[in-house]
Number of protein chains: 2
Amino acid sequence: MQTKKFLLSEQDIPRAWYNVVADMAVKPHPMIHPVTHEPIKAEDLYPLFSKAASDQELNTTDAFIEIPEPVRELYRIWRPTPLVRAEALERALDTPAHIYFKNESVSPVGSHKLNSAIAQAYYCKQEGVTNITTETGAGQWGAALSMAAKHFGLELAVYMVKVSYEQKPYRRSIMQTYGAEVISSPSMSTKAGRKIITDHPNYSGSLGTAISEAVELAMSTPNCKYVLGSVLNHVALHQTVIGLEAEKQMEMAGEMPDVVVACFGGGSNFSGLAFPFLRHNLKNGANIQFIAAEPASCPKLTRGEFQYDFGDEAGYTPLIPMYTLGHKFTPANIHAGGLRYHGGGAIVSQLRHDGLIDAVDIPQLETFEAATLFARTEGIIPAPESSHAIAATIREALKAREEGRKKVILFNLSGHGLIDMTAYDRYFSNDLTNYRVTDEDIARTTAGLEQIL
Amino acid sequence: MQTKKFLLSEQDIPRAWYNVVADMAVKPHPMIHPVTHEPIKAEDLYPLFSKAASDQELNTTDAFIEIPEPVRELYRIWRPTPLVRAEALERALDTPAHIYFKNESVSPVGSHKLNSAIAQAYYCKQEGVTNITTETGAGQWGAALSMAAKHFGLELAVYMVKVSYEQKPYRRSIMQTYGAEVISSPSMSTKAGRKIITDHPNYSGSLGTAISEAVELAMSTPNCKYVLGSVLNHVALHQTVIGLEAEKQMEMAGEMPDVVVACFGGGSNFSGLAFPFLRHNLKNGANIQFIAAEPASCPKLTRGEFQYDFGDEAGYTPLIPMYTLGHKFTPANIHAGGLRYHGGGAIVSQLRHDGLIDAVDIPQLETFEAATLFARTEGIIPAPESSHAIAATIREALKAREEGRKKVILFNLSGHGLIDMTAYDRYFSNDLTNYRVTDEDIARTTAGLEQIL
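Bear in mind that the values here come from a model prediction, so they are computed numbers and not experimental data. (Residues numbered from 1 in each chain as written. Chains lettered and ligands numbered in written order. Predicted model: local features only at pLDDT ≥ 70, side-chain atom pairs only at ≥ 80, totals over all residues. Heavy atoms only, no water.)

### Examining the relation of the copies chain A and chain B
Mapping one chain copy onto the other needs a rotation about an axis and a shift along that axis.
Then step 1. Screw-axis analysis of chain A against chain B gives a translation of 0.0 Å along the axis, an RMSD of 0.0 Å, and a rotation angle of 180°. Such a turn and shift between the copies fits a two-fold axis.
Then step 2. A share of 100% of the interface residues of chain A reappears at the interface of chain B, consistent with the copies meeting face to face through the same patch. (Least-squares fit on C-alpha atoms with pLDDT ≥ 70 in both. Contact = heavy atoms within 4.5 Å.)

Structure below.
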């Protein structure tokens, strides 16, 4: 556990987020209106999201967007987060690689999700919104938004994916402690929920369905907006505080990463860490490798189709140009609930399509093996989601050992696993299995969607 | 949630612990050998504890004891911890008081317990010990020692109080993830455990019994030492890093506390925060008030007897001069499992006897009400133990409002409650009650012990 920690002062909390789209030579295709089939304009998004978030969503020109001072003020509760050199893990792997991790688990809710929750809740409050809705998978996002909503005096309803609602009661209690209402999804409270419950009585829920329910409630409730925790461009934008801090910290460490790794669900923590480093490739001809670590049970970037698809199961959202497993895809009940999402989002998918980032898919058992090694060397029990990044990092570190070359790897510890101990319990009891999606499944759920060229 | 945070750099991690006994005009009475009834010498403790810890236990002359460099190195994983001005809580209470808290919840195991776990595991390793045992109540101490033991390559067996073992399965899983063996106490693995199971088949365990079991295992196992997480002088010593850092941070804030508050179980976090500030009273004629916040169900400092008593239920340990409810006292099953201990330890008890510190006892429901307010204002969900400190702080802040005077209050947030969400669930479901010990109960369990004058 001997660690080198690189700490910034509060003055180093970024003053602007980084909007990678401005620096992309090939921009993502536009989102498409689900009814008119025209490219989405900001005004089309205003009924659903705050105006500020809608404008950020479609901003393709400003590389840096100022962080409002009240948001920066709240970031100070836990930011800047530490960058740590994982020397004990390096020794355990007997690798010449240098492994660094950005520790986003130190936030009061235990994950990076607060970075965007605070920003979005702030914009809603500024615009006079009184009620907000959202979905949550494992509960990390729901917990973060509950805390942010309470701070700004907003009422919040969270649709929590049924399997997580049952597997992760502690996360539900956390949201309630912050004062939010939590509903198991699918629920009877929405048309989308009622339909899928009726069609599939044993359906254990998905992020896609929970999004449909939250969107439907927002659209049918006065003065209510919907807030999303991943996938969209403005969420990725808010998360770039992670990478912007890490950039300075790697400088303190006197190294630049050769490889940047993060787990991948809808892209929020991956984008947050990766984009500021990707800028070095896009602008300065650097050659950093980026690896999105997906679960083998939900491998949209590695095995999905590059198509126009809905962001939600019921088809309420705009059509997003992205790698997808199809919006009707139902992922297996892995414990990394935050990674159970069918699509890769527009920016990451375009980058992937253009060969600017890589992706790997990792079986569940390998992630828990990696997590246990990390806990026993570095002392922090990681979230099942983050454990995908650790597993991918270990693969890279072992490759470096085989090749006998030093390699600098940076990964994002997006959250701690203290509220996921049931999953560890099951792992130690040999009660967990690997789930691998078949090609047939993917072909079935992606059939009939519009391909992107 | 607007907060002012006072951060130190790693260079500010203390280089020595503070031993308050050296500065006490009236020293604590000596511990007594349970067989010879002579005052304990360090050699008497060597079979049980590491030599270093034994020597520290009886050191009454050195005010500062150097922190070994490998221990300081591990402290760097999460120390120095932040000091925070809780302005949102102040506003919610509409109080002229300034409220500060030391945030010990940021450690990787979520509490202050690592401060001593690392030190004690280090000393054991240095002295060639291979196996260690301990007890744990809520599991905070057990989790911390599990992490430290794994780091130093020691095998660890943890006796976990039965009610916590059942109420807090996540903490048990955390210890197992770090590689420790966890046994529900009372167990059949020891004479002490077998006896109490036989006499009281429905006994839900206590820290006193778990200590007996751990001590018995250590004494009957080759090359095995026992490690304690609270009560004893050397544990309090290690915890003073909390107060030593807080002293510097209050200086940064430009204020000195009028009142210092911490929850009280066996004294580890109370001593850790309070002693460095108490030094100002003992040496410089300052007039800081100290408040130990106990549960109403286990009120040794407020309602116990000042007696010689065993540290454990079976009577294996030396007799300790302390306020006690009697070593056969069985506390109610409150959720603040870390506070379910019958005695106050020698130093704190002497200070209390001499009027140098105060104590209050607080009913369970008041602590959860305080915890919820704190979570919704400051954004951090506190451990049930720490919530006693928050409740006592709120009492002081409201008193300040009534008196219309500014008062500076500093409390210790000894741990977060993310692994205690079951307790919050029960609180919100109106499923928790207050437990108040009767005078008859106390008279019965303290009868026959030797009074101290």
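### What to know about the sheet that holds strand E6 (residues 131-136) of chain A
Residues and elements named next belong to chain A.
Then step 1. Reading across from one edge, E8-E7-E6-E9 is the order of the four strands in this open sheet, with parallel pairing throughout. Bordering the open sheet on either side are strand E8 (181-185) and strand E9 (224-226), each of which pairs with just one other strand. The average undirected angle you get between the axes of adjacent strands in this sheet is 25°.
Then step 2. Pairing between E6 and strand E7 (residues 155-161): six bridges, direction parallel. From the neighbouring strand, Thr-136 faces E7, where its bridge partner is Met-160.
Then step 3. In the packing of helix H8 (residues 169-177) onto the sheet, the strands contacted are E6, E7 and E8, and the crossing angle to E7 comes to about 175°.
Then step 4. Helix H10 (residues 207-219) contacts E6, E7, E8 and E9 of the sheet and is inclined by roughly 170° relative to E6. (Pairing = 2+ DSSP bridges. Helix = DSSP H or I, 4+ residues; strand = E, 2+ residues; numbered from the N terminus. Axes fitted to C-alpha atoms, helices over the stretch in contact; angles between N-to-C directions.)

### Overview of the interface of chain A and chain B
Then step 1. Each side of the interface is counted separately: chain A has 41 residues, and chain B has 41 residues.
Then step 2. Linking chain A with chain B are two salt bridges.
Then step 3. In this structure, the salt-bridge partner of A:Lys5 is B:Glu10, at a minimum N-O distance of 3.7 Å.
Then step 4. Here chain A is connected to chain B by 14 residue pairs in polar contact (both at pLDDT 80 or more).
Then step 5. For the side of chain A that touches chain B, the elements supplying multiple residues, two or more each, are strand E1 (4-6), helix H3 (69-75), helix H6 (140-152), H8, helix H16 (364-378) and helix H18 (421-428) of chain A.
Then step 6. Considering every element that reaches the side of chain A that touches chain B, the biggest residue donor is H8(A), with six residues. (Salt bridge = Lys/Arg side-chain N within 4 Å of Asp/Glu carboxyl O. Polar contact = N/O pair within 3.5 Å; in protein donor to acceptor, adjacent residues only side chain to side chain.)

### Remarks on the pattern of salt bridges
All names here are of chain A.
Then step 1. Under the defined criterion, the tally for this structure stands at 52 salt bridges over all chains.
Then step 2. Between Glu-87 and Arg-85 there is a salt bridge, with its nearest N and O atoms 3.9 Å apart.
Then step 3. The buried category is assigned to Glu-87, whose relative accessible area is 17%.
Then step 4. Owing to a relative accessible area of 10%, Arg-85 belongs among the buried residues under this scheme.
Then step 5. Connected through shared salt-bridge partners, Lys-4, Arg-85, Glu-87 and Glu-90 make up one network. (Buried < 20%, exposed > 50% of the residue type's maximum accessible area, 1.4 Å probe, protein only.)

### Brief notes about the state of the cysteines
Then step 1. On inspection of all chains with the given rule, the structure shows zero disulfides over all chains.
Then step 2. Among the cysteines around A:Cys263, which has no disulfide bond, A:Cys298 carries the closest sulfur, lying 12 Å off. (Disulfide = S-S within 2.5 Å.)

### Some details on helix H9 (residues 191-199) of chain B
All names here are of chain B.
Then step 1. What H9 keeps buried is the set Ala-192, Gly-193 and Ile-196. Buried residues along H9 cover an arc of 95° about the axis, so they all sit on one side. Projecting away from the buried face of H9 at angles above 90 degrees are the exposed residues Lys-191, Lys-195 and Thr-198.
Then step 2. On the buried face of H9, the contacting elements are helix H10 (207-219). (Arc of directions from axis to C-beta.)

### Regarding the domain arrangement of chain A
Residue and element names in this part refer to chain A.
Then step 1. Taken domain by domain, chain A holds domain 1 (4-12 + 66-110 + 234-446) and domain 2 (114-228).
Then step 2. Of note, the centres of domain 1 and domain 2, computed from C-alpha atoms alone, are 23 Å apart.
Then step 3. Listed per partner, the contact involves 43 residues of domain 1 and 40 residues of domain 2.
Then step 4. Buried area between domain 1 and domain 2, both sides added, is near 3100 Å², and the carbon and sulfur share of it is 61%.
Then step 5. Among the residues of domain 1 in contact with domain 2, Val-109, Tyr-316 and Ile-419 are the three that bury the most area, contributing 21% of the side total.
Then step 6. Our enumeration of links across domain 1 and domain 2 arrives at two salt bridges. (Domains from an automatic or database assignment. Buried area = accessible area lost by both parts, 1.4 Å probe.)

### A look at the layout of surface pockets
Then step 1. As a volume, the largest pocket reaches approximately 1000 Å³.
Then step 2. Sorting the residues of the lining of the largest pocket by element identifies strand E5 (98-103) of chain A together with strand E5 (98-103) of chain B as the ones contributing at least two each.
Then step 3. For the lining of the largest pocket, the per-class residue count stands at 26 nonpolar, 15 polar and eight charged.
Then step 4. Quantified by volume, the second largest pocket comes out at close to 420 Å³.
Then step 5. Forming the boundary of the second largest pocket are 23 residues, of which A:Ile196, A:Tyr203, A:Lys328, A:Phe329 and A:Thr330 lie nearest the centre.
Then step 6. Per-element tally for the lining of the second largest pocket: the top contributor is helix H9 (residues 191-199) of chain A, with five residues.
Then step 7. The residue makeup of the lining of the second largest pocket, split by class, is nine nonpolar, six polar and eight charged.
Then step 8. Summarising the domain contributions, the lining of the second largest pocket has at least three residues from each of domain 1 (4-12 + 66-110 + 234-446) and domain 2 (114-228) of chain A. (1 Å grid on protein atoms, 1.4 Å probe; cavity = no way out; pocket = protein on both sides within 12 Å on 5 of 7 lines; lining within 4 Å. Points joined across faces, edges and corners; volume = space filled by probe spheres on them. Nonpolar A, V, L, I, M, F, W, Y, C, P; charged D, E, K, R; others polar.)

### Some words on unusual backbone geometry
Then step 1. Residue A:Pro80 is reached from A:Arg79 by a cis peptide bond, and omega for that bond is -5°.
Then step 2. That bond from B:Ser185 to B:Pro186 is cis: its omega, 10°, falls within 30 degrees of zero.
Then step 3. Along the chain, B:Pro186 turns up in the loop between strand E8 (181-185) and H9.
Then step 4. If you check the backbone angles, A:Asn430 has positive phi at about 55° while not being a glycine.
Then step 5. Position of A:Asn430 relative to the elements: it lies in the loop between H18 and helix H19 (439-446).

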